[in-house]
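One-letter residues, chain by chain:
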Amino acid sequence: MNKPVQPMLDTSPRVSDEIRQTTCYMCACRCGINVHMKSGKVAYIEGNRNHPVNQGVLCAKGSAGIMQINAPSRLKKPLKRVGPRGSGAFEEIEWDEALEIATGHLKRLRDEAPEKMAFFTGRDQSQSFTGFWAQAYGTPNYAAHGGFCSVNMAAGGIYTIGGAFWEFGQPDWDRAKLFMIFGVAEDHDSNPIKMGLGKLKARGAKVIGVNPIRSGYNAIADEWVGITPGTDGLFILSLAHELLKAGKVDLDYLARFTNAPVLLNEDPGGPEHGLFLRDKDGKPLVIDRKTGKQVAFDKKGIQPDLAGHFRKAGKTYRTVFQHMAERYLSDDYAPENVAERCGVPAEQIRRIAAELAHVAFEEAFELPIEWTDFRGDKHKTMTGRPVAMHAMRGISAHANGFQTARALHVLQILLGTVEVPGGFRFKPPYPKPPEAHPKPHAGHAPGKPLDGPHLGYPLGPEHLLLDDDGTPKRIDKAFSWENPMSAHGLMHMVISNAHAGDPYKIDTLFMFMANMSWNSSMNTEGVMKMLTDKDENGDYVIPNIIYSDAYASEMVAYADLVLPDTTYLERHDCISLLDRPICEADAIADSIRWPVIEPDRDVRGFQSVLIDLGVRLGLPGFVDEDGKAIYKDYADYMVNHQRRPGVGPLAGWRGKDGKGVGRGEPNPKQLERYIENGGFFVHHMPEEAAYYKPWNKAYQDWAVEVGLFDAPSPYVFNLYSEPLRKFQLAAEGHGDRQPPEHLRERLRETMDPMPIWYPSADGLSSAPGGASSSDNDERAQASEEFPVHALTQRPMAMYHSWGTQNAWLRQLHGKNPLYLPTKLWEQHGFKDGDFARVTSPHGSITVPVAHHAALNSNTIWTWNAIGKRKGAWALAEDAPEATKGFLLNHIIHELMPPRGDGLRWANSDPVTGQAAWFDLKVKIERADPPPEESQPQFPPIKSPVGRGPKNLAWKVGK
Amino acid sequence: MTQLPTSTERSLGLVIDLDTCVGCHACVISCKGWNTENYGAPLSDIDAYGANPHGTFLNRVHAYEVQPETGPAQTVHFPKSCLHCEDAPCVTVCPTGASYKRVEDGIVLVNEDDCIGCGLCAWACPYGARELDQLAGVMKKCTLCVDRIYNENLPEEDRVPSCVRTCPAGARHFGDLADPDSDVSKLVAERGGMDLMPELGTKPVNKYLPPRPRDRDDNIDILAPFLDPVIEEPTGFLGWLDKALGTVSGGKTDKKGAS
């Protein structure tokens, strides 16, 4: 036997020369990171313990950032297309030439027809800046990726409670005792949910996961509800039914803080039917229980009556709450009557309702914090109702997702658990009701800036963006009768509409960070054709495409001009309060990125390039009266731009003395202060402001003080949404602005001011209305032919396509089998190594399968965006991502199947236009013999950056 | 053949909570990052951008499905790295003495200078916790971040293994399992912490906390009264509401404010 002599070990080796603290961008979560440097190179990345988002922890993506900045897929230099579009044949050019080409197109269009330049950004974290640029340019055609991501979640929340999940708010992780998580794959938001679940688990709180797929967060849920896709709204309304029937609703909260007591006009057929009764100042009226009189809802000292009603001049007025009770007490929502459609047993629905009631009301508690509400009424304590909820794309990426998101917020409101201890809490600058948001604008003229911000929240038909003849003003038809409340635009319809010339043709498509010829589009093969299609003159139907990306993505091959962006460690960015900040429920917070390393390639941060283009074009806000540049680059803009006097992109260390919080003159030392503080700024609110924010005087005053808004703006929650009712009234024939006949019935049914549920599945049994009975027969038949739901999820360790070129992450998820539940696995006699042919009404794919038992028995799924096109991302052409990986996108169309009416019906939510990714239904069969590779395959793209090295042994220190 | 110490002063190890692990792989990649840059040879990646990428990892997360007799199937995420066994077969099998168990803290390490890359230890380890680095030709395994936990160049709170520091869900705990009063020992006692394959007699130091029971509905009877209907039919709603409102009016409002 060797008796080992323990070697002398240095247990205190030097860790690094220096730590540079910045903000992660391996996904959209925006954690703080410590970048350890050795000899000027990145040696190791860990979480920043002081950072409000991640408090030191870091996910797999974040730690793998070191493999992103050495990725062989990084673009190196501007590229000009020399072969046919889609071939990937480019020549490298200098930046001056690239910017001259871009300026040439942009200048010509700005002077002649700015609407023919469409500017769409993908997973852009600088939307307040890119939007500002697009507004100065003057095109009405600008949006980011929200329309194909989760606008239903955002809009459903804003119209109901003035905020939504993730960036808008968070569960009270420290006080919740029962947590329900709906339709969250493994992301949005990444680390905070895991940290929160860890806190709940450490306390033994109960977690209920509602998701057809039991992976990730749902795997550790104490109870799993393996719901049928697209039926969450029905399940939620059934819970509401049970709670109402048992009287387990928070009447005091409903009366004080919501529009439940507001009186509704019940004059059938009248032009104000279903609108609020208002006083001469326009304030909604309630009946005061103490006096029996009709008074403005916000009058001091009143007790708004939930049961109020009266008749006047032959018209009846009753409260919102009575209408809601009537609807949801109906047996239509009884657990027995929804169980089969939801795939959830009635007993389970009833028991979960009981648990919600038990925890909200029997485990309620008081925090001894005094506060004053907006009516001036003083409260000695804050009542906690420890039920918290969170939801994301799983419930929203359906054609009924807007109403489902509304239903979920209504459920939370009935329990009195929004903005109370233990419940759901807003993160500043939210709460912010629809009235406090901008209205959408599309007023354009040659050589002029747009007449206002592009995106916003319409409050009625008067805010739609339509020409006098009713034609949509925007290329994506956002804010038209097809999808009136499309608050984030419809990026997924831009290429399809531009190709069809519906509503008009465009000249130049300018995109940033959006892989539209691959995983970010429905009908991927069709989109590739649209991008390469030529007209009768032999010119491309979409004449010019300018694209900016940091990596050799599939979309690069379809651009005429490529502006190479930097990686996230090589750039300036600001995660701004003007945009989608990183605030916590108790604090405002924002952060920056700064170049912790310099690029080793001829690339430039896209935002600085936009500033350069703004100067070349002489855009207002980018040049002064003499035509000289106002900002040198994006870093200069971050410090010196003022959106309102004293309010700019960054809230911290403002003013000459650097002491301003939220307000103050630009401070030339501001970025240095951020860097000294770890790349972020955080400022906490007083304790008495931390809950009841929409109604809490202390919060409202604090929000004004730090510049979130300029005057206190309290409001009540919209159980009943009057803006929806206004669109419905138009559909019923009231008002000057009338929808086209073919949309009238659909609008009447889907713009319901109280949450509804309707089936939604790839146009087979889609939104009610707009369909004849023969259509319905056809759909029933199609539903039988394509009986299986098909979904995607993002893995926690990878995000979209960004992770694929990462040498470490692709070893975790290099393939994406199609997972089948036991029933289908056995029914078709599948075994390991098999392929399945999966067919939707739009096409077929043939892909590898695997068995997954913890799955809704009628649902199949796969990981999103693992599949890659050969030649992209600097991967070998025989990489498993290209040979075995696949996309479901090929069998999801951006349009519904034709209905014989000659119209193009979008596969989107009829309220918001959100892409209905998860409405996909398919049939499945065993592929015998199996193909060598997943199908379809496309010709390899010529890589503009070559291939990566064979092996890696990455150690930067000696 | 290499001898194990007869006893160690401490038994440092990990306690991994399978009730909380969401399977995110954060520990896997953080470990890869730290240990590529630090202890010994870098953890290499073969065919990094090609058809069969495979690299060296000291920690991997596996996912298993469990089908209970009643109720829906469950998914369990199972992170696995060296368990720093008391009777470590990987040490006794080593022909050169390169594998050894430290007397002061029980950490099992490989002295890469003496490792000949024969792979016997990986064969002897019943847990598959060792991987031969194909570029360096030496055996790699979890070091429990021996170059972090005593590292005076790190702030004290960071002197834990990289996987523990990074775990977003807080599912990984580090400490001395030989000390019954340590936090990890208490956690093991409270939550019924278990050895992995105890029948093999390797006496692993690392412990796993089992998942709590899932999908149980045994509290249904207790909860049933909470849903006793107060409204038998929709028309009864107003009467109930009127009565109920009488009891909530004013609520907890300060009398002065309400008047």
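The shown structure was predicted, so the numbers you read here are calculated from the model rather than taken from an experiment. (Residues numbered from 1 in each chain as written. Chains lettered and ligands numbered in written order. Predicted model: local features only at pLDDT ≥ 70, side-chain atom pairs only at ≥ 80, totals over all residues.)

**Student:** Just give me the short version of the overall build of chain B, but keep the residues and values in it.
**Tutor:** On a plain count of helices and strands, chain B comes out with nine helices and eleven strands. At 26 Å, chain B has a C-alpha radius of gyration far larger than the 18 Å of a compact globule built from 259 residues. By its C-alpha atoms, chain B is 85 × 45 × 45 Å across when sized along the principal axes. For chain B, long-range pairs separated by at least 24 residues make up 60% of all intrachain contacts whose partners lie at least 6 apart in sequence. (Helix = DSSP H or I, 4+ residues; strand = E, 2+ residues; numbered from the N terminus. Rg over C-alpha atoms; globule rule 2.2 N^0.38 Å. Contact = placed C-beta atoms within 7 Å.)

**Student:** Go over the overall build of chain A, please, and point to the residues and values.
**Tutor:** The helix and strand tally for chain A stands at 25 helices and 34 strands. Relative to a compact globule of 958 residues, whose C-alpha radius of gyration would be 30 Å, chain A shows 28 Å and is just as compact. Principal-axis analysis of the C-alpha atoms places the extent of chain A at approximately 85 × 80 × 70 Å. A total of 958 residues make up chain A; the buried ones form 63% of that total. Considering only intrachain contacts with a sequence separation of at least 6, the fraction spanning at least 24 residues in chain A is 69%. (Buried ≥ 20, exposed ≤ 12 C-beta atoms within 10 Å, placed from the backbone.)

**Student:** Break down the confidence of the model for chain A for me, citing the residues and quoting the values.
**Tutor:** Counting all residues, the mean pLDDT for chain A is 95, and 98% of those residues have values of 70 or more. Here residues 762-774 of chain A scores under 50 on pLDDT; set against residues more than four positions off or in separate chains, the count is 38 contacts. (pLDDT = per-residue confidence, 0-100.)

**Student:** Any chance you could break down the nonpolar core for me, citing the residues and the numbers?
**Tutor:** Counting 370 residues, the largest nonpolar core has A:A60, A:A118, A:L239, A:A240 and A:L356 as its most contacted members. Setting aside anything within four residues of it in sequence, one finds A:A60 in contact with A:A797, A:L809, A:L812, B:C24, B:H25, B:A26, B:V28 and B:I29. (Core = buried A, V, L, I, M, F, W, Y, C linked by C-beta atoms within 7 Å.)

**Student:** Can you explain the pairing of strand 31 (residues 835-840) of chain A? Please cite residues and give values.
**Tutor:** Residue and element names in this part refer to chain A. By the bridge criterion, six bridges tie strand 31 to strand 32 (residues 843-851) in an arrangement that is antiparallel. Bridge assignment links F835 to a residue of strand 32, and that residue is P848. Between strand 31 and strand 32, which pair antiparallel one after the other, the connecting turn spans two residues. (Pairing = 2+ DSSP bridges.)

**Student:** Got a sec to walk through the domain arrangement of chain A? Specific residues and values, please.
**Tutor:** Residues and elements named next belong to chain A. When cut into domains, chain A gives domain 1 (169-426), domain 2 (570-705) and domain 3 (777-926). Centre-to-centre separation of domain 1 and domain 2, based on C-alpha positions: 35 Å. Among the secondary structure elements, those contributing two or more residues to the side of domain 1 that touches domain 2 are strand 18 (371-372) and strand 22 (424-426). In the side of domain 1 that touches domain 2, the residues fall into eight nonpolar, two polar and four charged. (Domains from an automatic or database assignment. Nonpolar A, V, L, I, M, F, W, Y, C, P; charged D, E, K, R; others polar.)

**Student:** If you had to explain helix 1 (residues 26-37) of chain B to someone new, which residues and values would you point to?
**Tutor:** Each turn of an α-helix holds 3.6 residues, which means side chains three or four residues apart point in the same direction. All names here are of chain B. Taking 1.5 Å as the rise per residue, helix 1 with twelve residues should run 16 Å; its terminal C-alpha atoms sit 17 Å apart, in good agreement. Buried residues dominate helix 1, accounting for twelve of its twelve residues. Listed in full, the buried residues belonging to helix 1 are A26, C27, V28, I29, S30, C31, K32, G33, W34, N35, T36 and E37. (Expected span 1.5 Å × (residues − 1).)

**Student:** Can you explain the sheet that holds strand 10 (residues 172-176) of chain B? Please cite residues and give values.
**Tutor:** All names here are of chain B. With respect to topology, three strands assemble into an open sheet ordered 10-1-11, the strand pairing being mixed. In the strand order of this sheet, the two ends are held by strand 10 and strand 11 (207-209), each with one partner. With direction set aside, neighbouring strand axes in the sheet form an average angle of 25°. With three bridges connecting them, strand 1 (residues 12-17) and strand 11 associate as parallel partners. Across the sheet, residue V15 finds its bridge partner in strand 11, namely K207. Sheet contacts for helix 6 (residues 183-191): strand 1, strand 10 and strand 11; angle to strand 10, the most-contacted strand, approximately 120°. (Axes fitted to C-alpha atoms, helices over the stretch in contact; angles between N-to-C directions.)

**Student:** Give a description of unusual backbone geometry that names residues and reports values.
**Tutor:** Cis geometry marks the peptide bond from A:D502 to A:P503, where omega comes out at 10°. With respect to the helices, strands and loops of the structure, A:P503 is situated in the loop between helix 15 (491-500) and strand 23 (508-512). A positive phi angle is found at A:Q55, which is not glycine, with a value near 45°. Tracing the backbone through its elements, the reader meets A:Q55 in the loop between strand 3 (41-47) and helix 1 (60-63). Its identity as a non-glycine residue notwithstanding, B:L144 has a phi of 55°, on the positive side.

**Student:** Could you give an account of the environment of A:F512, naming the residues involved and the relevant values?
**Tutor:** Residue and element names in this part refer to chain A. With respect to the helices, strands and loops of the structure, F512 is situated in strand 23. A C-alpha to C-alpha distance of 23 Å links F512 and H893, two positions 381 residues apart in sequence. Apart from residues lying up to four places away in sequence, F512 is in contact with T121, G122, D124, S548 and F606.

**Student:** Talk me through the packing of helix 8 (residues 232-245) of chain A against helix 14 (residues 401-414) of chain A; I want residue IDs and the actual numbers.
**Tutor:** All names here are of chain A. It is at 9 Å that the axes of helix 8 and helix 14 come closest, and there the two elements cross at 25°. Taken together, the axis directions place helix 8 and helix 14 in an arrangement best described as roughly parallel. Between helix 8 and helix 14 lies a crossing of left-handed hand. Contacts between helix 8 and helix 14 involve D232, G233, I236, L237, L239, A240 and L243 from the former and Q403, T404, A407, L408, V410, L411 and L414 from the latter. In the contact of helix 8 with helix 14, the residues fall into ten nonpolar, three polar and one charged. (Parallel < 35°, antiparallel > 145°, perpendicular 65-115°, else oblique. Left-handed = near helix turned anticlockwise from the far one by under 90°.)

**Student:** Break down the domain arrangement of chain B for me, with residues and values.
**Tutor:** Split by domain assignment, chain B resolves into domain 1 (12-209) and domain 2 (222-251). Look at where the C-alpha atoms of domain 1 of chain B and domain 2 of chain B centre, and you get two points 56 Å apart.

**Student:** Break down the environment of A:S934 for me, with residues and values.
**Tutor:** Residues and elements named next belong to chain A. Checked against the element boundaries, S934 lands in the segment after strand 34 (921-926). It is 7.0 Å that separates the C-alpha atoms of S934 and P848, two residues lying 86 residues apart in sequence. Every residue in contact with S934, bar those within four places of it in the chain, is listed here: T846, V847, P848, G867, T883, K884, G885 and F886.

**Student:** Outline the sheet that holds strand 15 (residues 309-312) of chain A, listing residues and values.
**Tutor:** Strands belonging to one sheet form pairs held by backbone hydrogen bonds; the direction of such a pair is parallel or antiparallel. All names here are of chain A. Taken in spatial order, the three strands line up as 12-16-15 in an open sheet, and their pairing is antiparallel. Each of the sheet's edge strands pairs with one partner strand only, and the pair in question is strand 12 (263-265) and strand 15. Strand-to-strand twist in this sheet, taken as the mean axis angle between neighbours without regard to direction, amounts to 25°. Here strand 15 pairs with strand 16 (residues 315-319) via four bridges, running antiparallel. When the bridges of strand 16 are listed, R311 appears paired with T316. Along the sheet, helix 10 (residues 320-328) makes contact with strand 12 and strand 16, crossing strand 16 at roughly 80°.

**Student:** Now, about the pairing of strand 9 (residues 178-182) of chain A: what can you tell me, with residues and values included?
**Tutor:** As a general feature of sheets, a regular strand has side chains that alternate between the two faces. All names here are of chain A. Taking burial as the measure, the five residues of strand 9 include five buried ones, the bulk of the element. Residues L178, M180 and F182 line one face of strand 9 and the alternating positions F179 and I181 line the opposite face, and both faces are buried. Examined bridge by bridge, strand 9 and strand 10 (residues 206-210) share five bridges and lie parallel to one another. Among the inter-strand pairings, L178 is bridged to a residue of strand 10, identified as K206. In this sheet, strand 21 (residues 387-391) lies alongside strand 9 in parallel orientation, the contact comprising five bridges. Looking at strand 21, one finds that I181 is bridged to H390.

**Student:** Run through the environment of B:L135, naming residues and quoting values.
**Tutor:** Position of B:L135 relative to the elements: it lies in the loop between strand 8 (131-132) and strand 9 (139-140). The spatial distance from the C-alpha of B:L135 to the C-alpha of B:V160 is 28 Å, given a sequence separation of 25 residues. Contact partners of B:L135, with chain neighbours within four places excluded, come to A:N951, A:A953 and B:S44.

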